[in-house]
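This is what each chain is made of:
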Amino acid sequence: MPRSPLPTDPSVRSFSHAGATLVAEETGGGRPVFLLLHGIGLGRKVFDGLAGILARQGRVIAVDLPGYGSAPEPERTLTMERTADLVAAFVRTSRLGPVVLIGHSMGTQVASELAARHPALVELLILVAPTVDKRARRLAPQLGRLVRDLAGENPLVLYRGGREYLRAGPNLRGKTRAMLSHRPELAYPRIAAPTLVLRGAEDRVCPPRWCRSVVASIPDARYSEVPGHRHETMIRDPREAARRIVAFVGRFDAERPGS
């Protein structure tokens, strides 16, 4: 499917750095600033429901990472580390930080690297369905888990996910390779920001043992499960995940300058 041209909506802008471009869409206003990073094959539009809820609490910026959604393909597929540096440059140049950084699936890998490599830019970190489980860091096990997770899933999830996967273009294999070769467990111990790890209670892609090991690896982290949800928990019905995110952020409101 041909990639859509960059939008002309004033709430949507592109940002380029070191040969790669992301696209960011903004809603809400004030602080905190929520920065949303999507998973593999997806894009910022899968966050529409969550962004609408969080916009009542602050400023929300949802991102198309390079080669996803409306963002153009880079000349070479970016590693998770290079993607994190691109997002960090965007946050720094746009004077957004420190942000409440929310990553979903592959987006948690980018978010973890950003928090570890650029700690001054991240106020709080939320990892939703963190990948990749180091016990299954190969394509076949990951595909098998994803198929089981999607079996019987809500048609809205399948439609939105399928549409975005088609938009991700012919380089999805290279993007998957970059995701699977990344070692997020090396970044976790270097994360200073208070962190919430969220998992859909029925998520087949991210088993409880792996998610609890993520929590144990991060110096200041806590764990929460969303009942009745799978891997794509924030696409089908983001309300419960949003409630937990807002409650987590609320714990730190009194410490935020200007609160």
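No experiment lies behind these values; they were computed from the predicted model shown. (Residues numbered from 1 in each chain as written. Predicted model: local features only at pLDDT ≥ 70, side-chain atom pairs only at ≥ 80, totals over all residues. Heavy atoms only, no water.)

Caption draft 1: Representation of the pattern of salt bridges. For the structure on display, the rule yields 12 salt bridges. Salt-bridge contacts for Glu240 lead to Arg243; the nearest nitrogen and oxygen are separated by 2.7 Å. Of this pair, Glu240 and Arg243 both sit in helix H10 (residues 239-250), three residues apart, roughly one helical turn. Overall, Glu240 belongs to the partly exposed group, its relative accessible area being 26%. Counted as one network, the salt bridges with shared partners bring together Glu25, Arg44, Lys45, Asp48 and Asp64. (Salt bridge = Lys/Arg side-chain N within 4 Å of Asp/Glu carboxyl O. Helix = DSSP H or I, 4+ residues; strand = E, 2+ residues; numbered from the N terminus. Buried < 20%, exposed > 50% of the residue type's maximum accessible area, 1.4 Å probe, protein only.)

Caption draft 2: Region of the structure containing the packing of helix H2 (residues 80-93) against helix H3 (residues 106-117). Contact pair H2 / H3: the axes reach a minimum separation of 8 Å and the direction vectors enclose 65°. Taken together, the axes of H2 and H3 lie roughly perpendicular to each other. Of the two possible hands of crossing, H2 and H3 adopt the one that is right-handed. Between H2, through Met80, Glu81, Thr83, Ala84, Asp85, Val87 and Ala88, and H3, the contact on the second element is made entirely by Met106, Gln109, Val110, Glu113, Leu114 and Arg117. Here the residues of the contact of H2 with H3 are counted per class, giving seven nonpolar, two polar and four charged. (Axes fitted to C-alpha atoms, helices over the stretch in contact; angles between N-to-C directions. Parallel < 35°, antiparallel > 145°, perpendicular 65-115°, else oblique. Left-handed = near helix turned anticlockwise from the far one by under 90°. Contact = heavy atoms within 4.5 Å. Nonpolar A, V, L, I, M, F, W, Y, C, P; charged D, E, K, R; others polar.)

Caption draft 3: Structural context of the packing of aromatic side chains. In this structure the tally under the stated criterion is three aromatic pairs. Seen in terms of ring centroids, Tyr188 and Trp210 are 6.4 Å apart; in terms of plane orientation they differ by 50°. Their pairing is tilted. With Tyr188 in the loop between helix H7 (184-187) and strand E7 (195-200) and Trp210 in helix H8 (residues 208-217), this pair connects stretches of sequence that are 22 residues apart. With respect to burial, Tyr188 and Trp210 carry one shared label: buried. With centroids separated by 5.4 Å and ring planes inclined at 70°, the aromatic side chains of Phe248 and Phe252 adopt a geometry described as edge-to-face. Across the ring face of Tyr68, the terminal group of Lys175 is positioned such that the distance to the ring centre comes to 4.3 Å. (Phe/Tyr/Trp six-rings, centres within 6.5 Å; stacked < 30°, edge-to-face > 60°. Lys NZ or Arg CZ within 6 Å of the ring centre and 35° of its normal.)

Caption draft 4: The arrangement of the environment of Thr21 in detail. Tracing the backbone through its elements, the reader meets Thr21 in strand E2 (residues 20-28). C-alpha of Thr21 to C-alpha of Leu65: the two residues are 44 residues apart in sequence and 7.5 Å apart in space. Setting aside anything within four residues of it in sequence, one finds Thr21 in contact with Ser14, Phe15, Ser16, Leu65, Pro66, Ala71, Pro72 and Leu86. Of the polar contacts made by the side chain of Thr21, one reaches the side chain of Ser16; its length is 2.6 Å. (Polar contact = N/O pair within 3.5 Å; in protein donor to acceptor, adjacent residues only side chain to side chain.)

Caption draft 5: Region of interest: the state of the cysteines. All told, the structure shown has zero disulfides when counted by the stated rule. Counting only cysteine sulfurs, Cys211 is the nearest neighbor of Cys206, a cysteine outside any disulfide, at a range of 5.0 Å. When its relative accessible area of 0% is taken as the criterion, Cys211 is described as buried. (Disulfide = S-S within 2.5 Å.)

Caption draft 6: Quick look at the pairing of strand E5 (residues 99-104). For E5, a buried count of six out of six residues is recorded, marking the element as mostly surrounded by other parts of the structure. Side chains of E5 alternate between two faces, with Val99, Leu101 and Gly103 and Val100, Ile102 and His104 buried alike. Sheet analysis places strand E3 (residues 33-37) next to E5, joined by four bridges and oriented parallel. Note on E5: the bridge partner recorded for Leu35 is Leu101. After leaving E5, the chain enters H3 and then returns to the sheet as strand E6 (residues 122-128), a path that is right-handed. (Pairing = 2+ DSSP bridges. Right-handed = clockwise from strand over helix to strand, strands pointing away.)

Caption draft 7: Fine view of helix H6 (residues 172-181). Of all 10 residues making up H6, seven are buried, and the element is well covered by its neighbours. Looking at H6, one finds that the buried residues are Leu172, Gly174, Lys175, Thr176, Ala178, Met179 and Leu180.

Caption draft 8: Seen up close, the environment of Ala201. With respect to the helices and strands, the residue Ala201 is situated in the loop between E7 and H8. The spacing of Ala201 and Arg230 is 29 residues in sequence and 6.5 Å in space, taken between C-alpha atoms. Every residue in contact with Ala201, bar those within four places of it in the chain, is listed here: Glu225, Val226, Pro227, Gly228 and His229.

Caption draft 9: Representation of the side chain of Glu113 within the structure. Mapping Glu113 onto the fold places it in helix H3. No salt bridge is formed by the buried Glu113, whose closest oppositely charged neighbour, Arg117, lies at an N-O distance of 4.2 Å. Looking at Glu113, its side chain comes within polar contact range of the side chain of His182, at 2.7 Å. When neighbours within four sequence positions are excluded, Glu113 is seen to be in contact with Met80, Glu81, Ala84, His118, His182, Ala187 and Arg190. (Lys, Arg positive; Asp, Glu negative; His and termini not counted.)

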